[in-house]
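# Residue-level structure breakdown
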Amino acid sequence: MENLNPKDVVQDLPGWTGGDDFITKVFKFDNFAQAFGFMTQIAIIADKMDHHPEWFNVYNRVDVTLTTHDTGGVTDKDVKLALAMEAASS
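Below is a summary of the structure that appears in this document. All figures in this text were calculated on a predicted structure; none of them were measured in a lab.

Across its full length, the protein carries three helices and four strands. For the protein, the α and β elements follow one another from N to C terminus as α-β-β-α-β-β-α. Whereas a compact globule of 90 residues would reach a radius of gyration of roughly 12 Å, the protein reaches 12 Å, a difference of no more than 12%. Expressed along its principal axes, the backbone C-alpha trace of the protein runs to roughly 35 × 25 × 20 Å. In the protein, which comprises 90 residues, the proportion classed as buried is 38%. For the protein, restricting intrachain contacts to residue pairs at least 6 apart in sequence, the fraction spanning at least 24 positions comes to 61%. Within the structure as shown, the protein displays about 5300 Å² of accessible surface, and the carbon and sulfur contribution to it stands at 52%. Separation between the mean location of the 7 positive side-chain charges and that of the 14 negative ones in the protein comes to 6 Å.

Attention now goes to the pairing of strand 2 (residues 23-28). Residues Ile-23, Lys-25 and Phe-27 of strand 2 are buried on one face, while the alternating residues Thr-24, Val-26 and Lys-28, pointing to the opposite face, are not. Examined bridge by bridge, strand 1 (residues 17-18) and strand 2 share two bridges and lie antiparallel to one another. Bridged to Gly-18 within strand 2 is Ile-23. Counting the residues that bridge the hairpin from strand 1 to strand 2 gives four residues.

Cut-offs and rules
- Residues numbered from 1 in each chain as written.
- Predicted model: local features only at pLDDT ≥ 70, side-chain atom pairs only at ≥ 80, totals over all residues.
- Heavy atoms only, no water.
- Helix = DSSP H or I, 4+ residues; strand = E, 2+ residues; numbered from the N terminus.
- Rg over C-alpha atoms; globule rule 2.2 N^0.38 Å.
- Buried < 20%, exposed > 50% of the residue type's maximum accessible area, 1.4 Å probe, protein only.
- Contact = heavy atoms within 4.5 Å.
- Areas by Shrake-Rupley, 256 points an atom, 1.4 Å probe, with all protein chains shown as cover.
- Lys, Arg positive; Asp, Glu negative; His and termini not counted.
- Charge placed at Lys NZ, Arg CZ, Asp CG, Glu CD.
- Pairing = 2+ DSSP bridges.

Take a look at the structure:
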């Protein structure tokens, strides 16, 4: 699995930013139920991918950081999970 440049990856992911070895975004919803529903939907997808996000939730906000720990950087797995999150949040 090849590491990707986070700065290049986020160009195609609206609202995402990239650090040295991760990509991150804050998702905001109308209420806690919608935020939790988003997390539940993504948890199922992430588990099937065997690729789990680092995330934090308070009320209507979900802060997400994606990185592939095995490679120490951003890979296609992170991009695919980010795209799934984008689809689930709209």
